[in-house]
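Summary of structural features
Read off the chains here:
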Amino acid sequence: MRPRSLTTVVRCATVAALVTTPALLAVPSASAAGARPAAAAAPKADFNKDGRADLAVSAPAGTVGGKAEAGYVAVVYGSASGADTAHRQVVSQATEGVPGDPAASAFFGAHTVARDLDGDGYTDLAVQTGRSPAITVLWGSPNGLTGGTQLPAGNGDHWGDSVIAGGDFNGDGHADLVDVVTTGEGSDDEKTGVRVRLGPFTRDGKDAGSSFSDTGRFDGPTSLTAGDITGDGKDDLVSTHAFEEMSQSSLFFKGDDKGLSQKAADLTDAASATIGDVDKDGHGDLVLRTVPGDVVENLPYDHGTLKVLYGTASGPSTTRTTTIDQNTAGVPGVNEDGDQFGYSLSSGDVNGDGYADIAVGIPYEDLEAGQGEAGSVVQLYGGRGGLSGTGAQAFTQDTAGVPGVAEAGDHFAMATGLADTDGDGKDDLAVGAPDEDGAQSTSGAAWVLRGQASGLTTGGVVSFGPDSLGAPESGAALGHGFPR
């Protein structure tokens, strides 16, 4: 039996593989209306606006104020030498200015989105708990994140675990938020769908308007991924779905002047997703982890397969696609049952060549004897022909230069993220291992490998756990996720 994973704790669904990843083509700041980042680069989460990306690392099972699994978010700020653990911040509902109080099993930080929601040039952090639709926005400032506002619930509510995403869906240069709501609950007109809250937001939490798009599904999406697939300057949305033991087709919502299209297109069933322009043609490409036999109960036993649906002016292509797994030429490793290649996915430009690159988490990969489910991460690179195994790299805790030791059940790379923490124009890879044992069991940990022109390097790797940040440690599961 596989060890307990936090994902199964905070999600009503029984499958741990439904982890979402950062949306990679959304506008990170509205300070320059109409200006969009290069399609390959990850959006910059720059809470103090110093030009370097900051890391927000979720620890949703951390004990706060004596409340087990209340949760917190640890922020490690960027610097000229990368992620700087000496410049850090730990934020929870016990933090001054943050609405609410710590509550047992609230899982504060289970989902986060980093965007400049009020348009002041400083990135803000939207934080959601694990079992509530409530969203708290922590505001960026010259001193980093400070204060907070809980957004009004609005007209809808969604039972159980929810998910959020950020992007600029109407193309006005202001960041928007998407969450999951149910309208008309208990009536014949009950609908579950995605709500776009348009930016800019005021500091009291008021949005500039909202729209609702029906998914046509009984349950809410298992993940939301945003990015400009059509290349029209408006972010689009892809949602993944499952009902009981079966997956359902993913849905593609096109960005429009009101937020998102009312009608969605069906796509391949998927367990996780990310968007990045891997062939640099101006259209974001959708990278999915497929569901074997469309049965989510098969995911824990799956070796893992990625499918790339290349972007077009009308959305993800159904004819131009690429399939990649660990048996693909150039990809390190080999397909093995239960590895779950693609459990986590993220996109950014690691080598600064303008092509989006894809980080692939394989947290259940077995290494040597006694290192079952130690986990690894594979970095795939984009190029003129799209995503391939050419130049791919793999890292574990046993890789020379990577701090720590690979141990059974660590689940290294259960979460991945890409962000330019040193401001050199090349994204760095953040890796989370929420089941890593530090001084105490499942305290969790995170690593940052720096990007350079030749790819990722283990030179100057930064690693940290709760103890090194002065944060609650026992069972915290630090590294559960990074902002999307």
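Being a predicted model, the structure only gives us computed values, none of them experimental.

**Points about the overall build of the protein**
- Helices and strands together make up the secondary structure of the protein, namely 2 helices and 29 strands.
- A burial count over the protein gives 61% of its 484 residues as buried.
- For the protein, contacts bridging at least 24 residues in sequence account for 55% of all contacts bridging at least 6.
- Looking at the protein as shown, the accessible area adds up to about 15900 Å², and 48% of this sits on carbon and sulfur atoms.

**With respect to the sheet that holds strand β17 (residues 265-267)**
- Read across the sheet, 4 strands follow the order β12-β13-β14-β17 without closing on themselves; strand pairing throughout is antiparallel. The outermost strands of the open sheet, each flanked by one partner alone, are β12 (223-227) and β17. If you compare each strand with its neighbour and ignore which way they point, the axes differ by 25° on average.
- Sheet topology note: the strand β14 (residues 246-253)/β17 ladder contains 3 bridges and is antiparallel. Within the sheet, the bridge partner assigned to Ser250 lies in β17 and is Leu267.

**Some details on the nonpolar core**
- Within the largest apolar cluster, 22 residues are counted, with the highest numbers of intra-cluster contacts made by Leu55, Val57, Tyr72, Ala83, Phe464, Leu469 and Leu478.
- Of all elements in the fold, only β1 (55-59), β2 (72-77), β26 (415-419), β28 (445-452) and β29 (455-464) reach the threshold of two or more residues within this core.

**Observations regarding the side chain of Ser249**
- The topology assignment puts Ser249 in strand β14.
- Of note is the side chain of Ser249, whose polar atom sits 2.8 Å from the side chain of Arg217.
- When sequence neighbours within four positions are dropped, the list of residues in contact with Ser249 reads Arg217, His241, Asp266, Leu267 and Asp269.

**Here's the deal with the confidence of the model for the protein**
- Looking at the protein, the pLDDT average stands at 89 and 89% of residues meet or exceed 70.
- Low confidence marks residues 1-37, where pLDDT is under 50. Its contacts with residues over four positions away, or in another chain, come to 135 contacts.
- Long-range and interchain partners of residues 155-160, a stretch whose pLDDT sits below 50, account for 19 contacts in this model, where long-range means more than four residues apart.

**Notes on the environment of Asp228**
- In this structure, Asp228 sits in the loop between β12 and β13 (236-243).
- A C-alpha to C-alpha distance of 6.6 Å links Asp228 and His283, two positions 55 residues apart in sequence.
- For Asp228, the side chain forms a polar contact with the main-chain nitrogen of Thr230, separated by 3.5 Å.

**Side note on the sheet that holds strand β11 (residues 210-214)**
- Strand order in this open sheet of 4 strands is β8-β9-β10-β11, and the pairing throughout is antiparallel. The open sheet has two edge strands, β8 (165-167) and β11, and neither has a second partner. Sheet twist, expressed as the average angle between the axes of neighbouring strands with direction ignored, equals 35°.
- As paired elements, β8 and strand β9 (residues 176-183) share 3 bridges and run antiparallel to each other. The residue of β9 that forms the bridge with Gly166 is Leu177.

**Details of the pattern of salt bridges**
- In the structure shown here, the tally under the stated rule is 10 salt bridges.
- Taking the shortest distance from any N to any O, the salt bridge between Asp302 and Arg289 comes out at 3.2 Å. Of the two residues, Asp302 is situated in the loop between β19 (285-290) and β20 (306-312) and Arg289 in strand β19; the sequence distance between them amounts to 13 residues.
- Accessibility expressed as a relative area gives 10% for Asp302, which makes it buried.
- Taken together, the salt bridges that share partners define one network made up of Asp118, Asp120 and Arg203.

**Focus: unusual backbone geometry**
- The step from Gly199 to Pro200 runs through a cis peptide bond, and the omega angle for that step is 5°.
- Within the secondary structure, Pro200 is located in the loop between β10 (191-197) and β11.
- Phi is positive for Gln340, close to 65°, though the residue is something other than glycine.
- As for its placement among the helices and strands, Gln340 is situated in the loop between β21 (315-324) and β22 (344-348).
- Backbone geometry places Thr442, a non-glycine residue, at a positive phi of 45°.
- Checked against the element boundaries, Thr442 lands in the loop between β27 (428-433) and β28.

**Quick notes on the environment of Asp168**
- By secondary structure assignment, the location of Asp168 is in the loop between β8 and β9.
- In sequence terms Asp168 and Ala226 are 58 residues apart; their C-alpha atoms lie 8.8 Å from each other.
- Within polar-contact distance, the side chain of Asp168 engages the backbone nitrogen of Gly171 at 3.0 Å.

**Observations regarding the environment of Asp84**
- Assignment of secondary structure puts Asp84 in strand β3 (residues 84-91).
- We classify Asp84 as partly exposed; its relative accessible area is 26%.
- Placed 30 residues apart in sequence, Asp84 and Asp54 show a C-alpha to C-alpha distance of 9.1 Å.
- Polar side-chain contacts of Asp84 include one of 3.1 Å to the backbone nitrogen of Ala86.

**Some remarks on the pairing of β22**
- Counting buried residues in β22 gives 5 out of 5 residues, a clear majority hidden from the surface.
- Here β22 shows two buried faces, one formed by Ser344, Ser346 and Gly348 and the other by Leu345 and Ser347.
- Bridging between β22 and strand β23 (residues 357-362) involves 5 bridges; their strand directions are antiparallel. Residue Ser347 lies in a different strand from β23, and its bridge partner there is Ile358.

**Structural notes on the packing of aromatic side chains**
- Per the stated rule, a full pass over the model turns up 3 aromatic pairs.
- With a centroid separation of 6.1 Å and an interplanar angle of 85°, the aromatic rings of Phe218 and Phe243 are classed as edge-to-face. You can see Phe218 sitting in the loop between β11 and β12 and its partner Phe243 sitting in strand β13, a full 25 residues away along the chain.
- Exposure remark for Phe218: the relative accessible area of 58% places this residue in the exposed category.
- Aromatic pair Phe412 and Trp447: ring centres 5.0 Å apart, planes at 75°, arrangement edge-to-face. Here Phe412 is found in the loop between β25 (388-395) and β26, whereas its partner Trp447 is found in strand β28, with 35 residues between them in sequence.

The rules we used
Residues numbered from 1 in each chain as written. Predicted model: local features only at pLDDT ≥ 70, side-chain atom pairs only at ≥ 80, totals over all residues. Heavy atoms only, no water. Helix = DSSP H or I, 4+ residues; strand = E, 2+ residues; numbered from the N terminus. Buried < 20%, exposed > 50% of the residue type's maximum accessible area, 1.4 Å probe, protein only. Contact = heavy atoms within 4.5 Å. Areas by Shrake-Rupley, 256 points an atom, 1.4 Å probe, with all protein chains shown as cover. Pairing = 2+ DSSP bridges. Axes fitted to C-alpha atoms, helices over the stretch in contact; angles between N-to-C directions. Core = buried A, V, L, I, M, F, W, Y, C linked by side-chain atoms within 4.5 Å. Polar contact = N/O pair within 3.5 Å; in protein donor to acceptor, adjacent residues only side chain to side chain. pLDDT = per-residue confidence, 0-100. Salt bridge = Lys/Arg side-chain N within 4 Å of Asp/Glu carboxyl O. Phe/Tyr/Trp six-rings, centres within 6.5 Å; stacked < 30°, edge-to-face > 60°.

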